[in-house]
Every structure is written in C-alpha cells, then in structure tokens.
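Chain by chain, the residues run as shown.
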Amino acid sequence: GINAEYGSASPRRKELLQQIGLKVEIIPSKFEENLKKSSFTRPAEYAIATAKGKASEVWGENKDAVVIGADTVVVIDDKILEKPSDEECARAMLSELSGRVHHVITGVCICCHDNKHTFYVETEVKFSELSKDLIDWYISTGESFDKAGGYGIQARGAVLVEKISGCYFNVVGLPVHKLNTELHKLLVN
C-alpha cells in the first residue's frame, strides 16, 4: 500500500483514505483557511488553492513524504458556502439549499517527488423541500457546524438530500476514486 501524510484533522477524510488502503498519518495543517474568495474566477480554483495551501504547509516539513490536502465547498448561485459559524448561519444555508440543486466541489493537492499535483471533483446535489421543523431538528443534532454547506450526507443529513449526480464520496469530503487514480498515476506508473 501507499504511505501518505494527510494535511487535515478531518475524521471523515481519514476513514476514506484508510478505506482505499492507504496507510495514513494525520498531520493537521496550520494553513489559515482565509483566502479571499473574490480573487478566484471559479469556486473550484478556490477549493484547489485552499487544498494546495494545506498540503504545501505540511509538505514543507516532510519533503520525503506523499502529502495529500483537500478542501470541500458547497456552491449555489456561484456563491461559496463553507462551514456555518452559528445556528442562524446554518439555518440560512439550509433554507437557501432547500428544494434546489447545488454543487459540492472538492479540491485536492498531492505533493510528492518535488511536484504539486492538483485536481477537483464536482458533484451535483438536490435537496428536497425542507420544512422549518426539519431544518430546526437537523440543526439541533449539531451536525451542521463542521461541514461545508451546513450538512453531512453521510449521517442524519442524508434525509435532506433528494438525489445526487456524481461521486457520493466527494460530498462526504474526498473523491476517493479520482484520488486513487491520480495517486496510482503519480506513484505506481
């Protein structure tokens, strides 16, 4: 298997990396996730730049390692939704997503062999119409607060989602198929 270091503290991403057979050491990145969104022409560029910042910061201390960084954003009407800061923000996000299609974009950066390789994956998600009671219940579970767009598809947030088109694991936070393909291109071939 491939040994990798991952520049994030996300337990969901760690599980997904282990699920595809990677031996992973988690090294949380100290990269400040405060890039100016308006300086990017597309949301995918923002996600990639943030992933690159996370991975580069960890790789700088571990040049012999394979380092993976990722950043997931939710996009609706060309607006990037990250993690809600409080209940009011979570309620506004979920209300905005209600009954509509949005996009989940994960930017990924793999640092190895003196190179930084980046890519992104985009998945389309359609929410059902969410009642005020359903939104209030979901916020009360506490799941909203550490997830882009204020929901997690892999847990109770599954009840909010009517359908998806694209990679499910991308919505969880890491496009494992594409990551596995890119790692093999870089490290095996």
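Residues numbered from 1 in each chain as written. Predicted model: local features only at pLDDT ≥ 70, side-chain atom pairs only at ≥ 80, totals over all residues. Heavy atoms only, no water.

**Observations regarding the packing of aromatic side chains**
To describe a pair of aromatic rings, you give the distance between the ring centres and the angle between the ring planes.
Point 1. Inspection of every chain in the model, using the stated rule, returns four aromatic pairs.
Point 2. Between phenylalanine 40 and tyrosine 46, the aromatic rings sit 5.7 Å apart at their centres with planes inclined by 75°, giving edge-to-face as the arrangement.
Point 3. Note on tyrosine 46: relative accessible area 1%, which makes it buried.
Point 4. Residues tryptophan 137 and tyrosine 138 carry aromatic rings whose centres are separated by 6.2 Å and whose planes lie at 50° to one another, so their mutual orientation is tilted.
Point 5. Judged by relative accessible area, tryptophan 137 falls into the partly exposed class, the value being 37%.
Point 6. In this structure, lysine 63 is placed above the aromatic ring of tryptophan 59, and the distance from its NZ or CZ to the ring centre is 3.8 Å.
Point 7. Note that lysine 178 overlies the ring of phenylalanine 119, its terminal NZ or CZ placed 5.7 Å from the centroid. (Phe/Tyr/Trp six-rings, centres within 6.5 Å; stacked < 30°, edge-to-face > 60°. Buried < 20%, exposed > 50% of the residue type's maximum accessible area, 1.4 Å probe, protein only. Lys NZ or Arg CZ within 6 Å of the ring centre and 35° of its normal.)

**Details of the environment of cysteine 89**
Point 1. Of note, cysteine 89 is situated in helix α3 (residues 87–97).
Point 2. Since its relative accessible area comes to 25%, cysteine 89 is described here as partly exposed.
Point 3. When the C-alpha positions of cysteine 89 and glycine 149 are compared, they lie 9.8 Å apart, and in sequence the two are 60 residues distant. (Helix = DSSP H or I, 4+ residues; strand = E, 2+ residues; numbered from the N terminus.)

**Quick look at the confidence of the model for the protein**
Point 1. Looking at the protein, pLDDT values average 91 and 95% of them are 70 or higher.
Point 2. Across the protein, strand β7 (residues 161–165) holds the top mean pLDDT of 98, while strand β1 (residues 3–6) sits lowest at 62. (pLDDT = per-residue confidence, 0-100.)

**What to know about helix α4 (residues 132–140)**
Point 1. Listed in full, the buried residues belonging to α4 are Ile135, Tyr138 and Ile139. Down the axis, α4 shows its buried residues gathered within 100° of arc, on one side only. The exposed set on the far side of α4, more than 90 degrees from its buried face, consists of Asp133 and Ser140.
Point 2. In this fold, the buried residues of α4 make contact with α3. (Arc of directions from axis to C-beta. Contact = heavy atoms within 4.5 Å.)

**Quick word on the packing of α3 against α4**
Point 1. Contact geometry for α3 and α4: axes closest at 10 Å, N-to-C directions at 135°. For the element pair α3 / α4, the angle class is oblique. Relative to α4, α3 is oriented so that their crossing is right-handed. Residue-level inspection shows Glu87, Ala90, Arg91, Leu94 and Ser95 of α3 in contact with α4, the latter providing Ile135, Asp136, Tyr138 and Ile139.
Point 2. Partitioning the contact of α3 with α4 into residue classes produces five nonpolar, one polar and three charged. (Axes fitted to C-alpha atoms, helices over the stretch in contact; angles between N-to-C directions. Parallel < 35°, antiparallel > 145°, perpendicular 65-115°, else oblique. Left-handed = near helix turned anticlockwise from the far one by under 90°. Nonpolar A, V, L, I, M, F, W, Y, C, P; charged D, E, K, R; others polar.)

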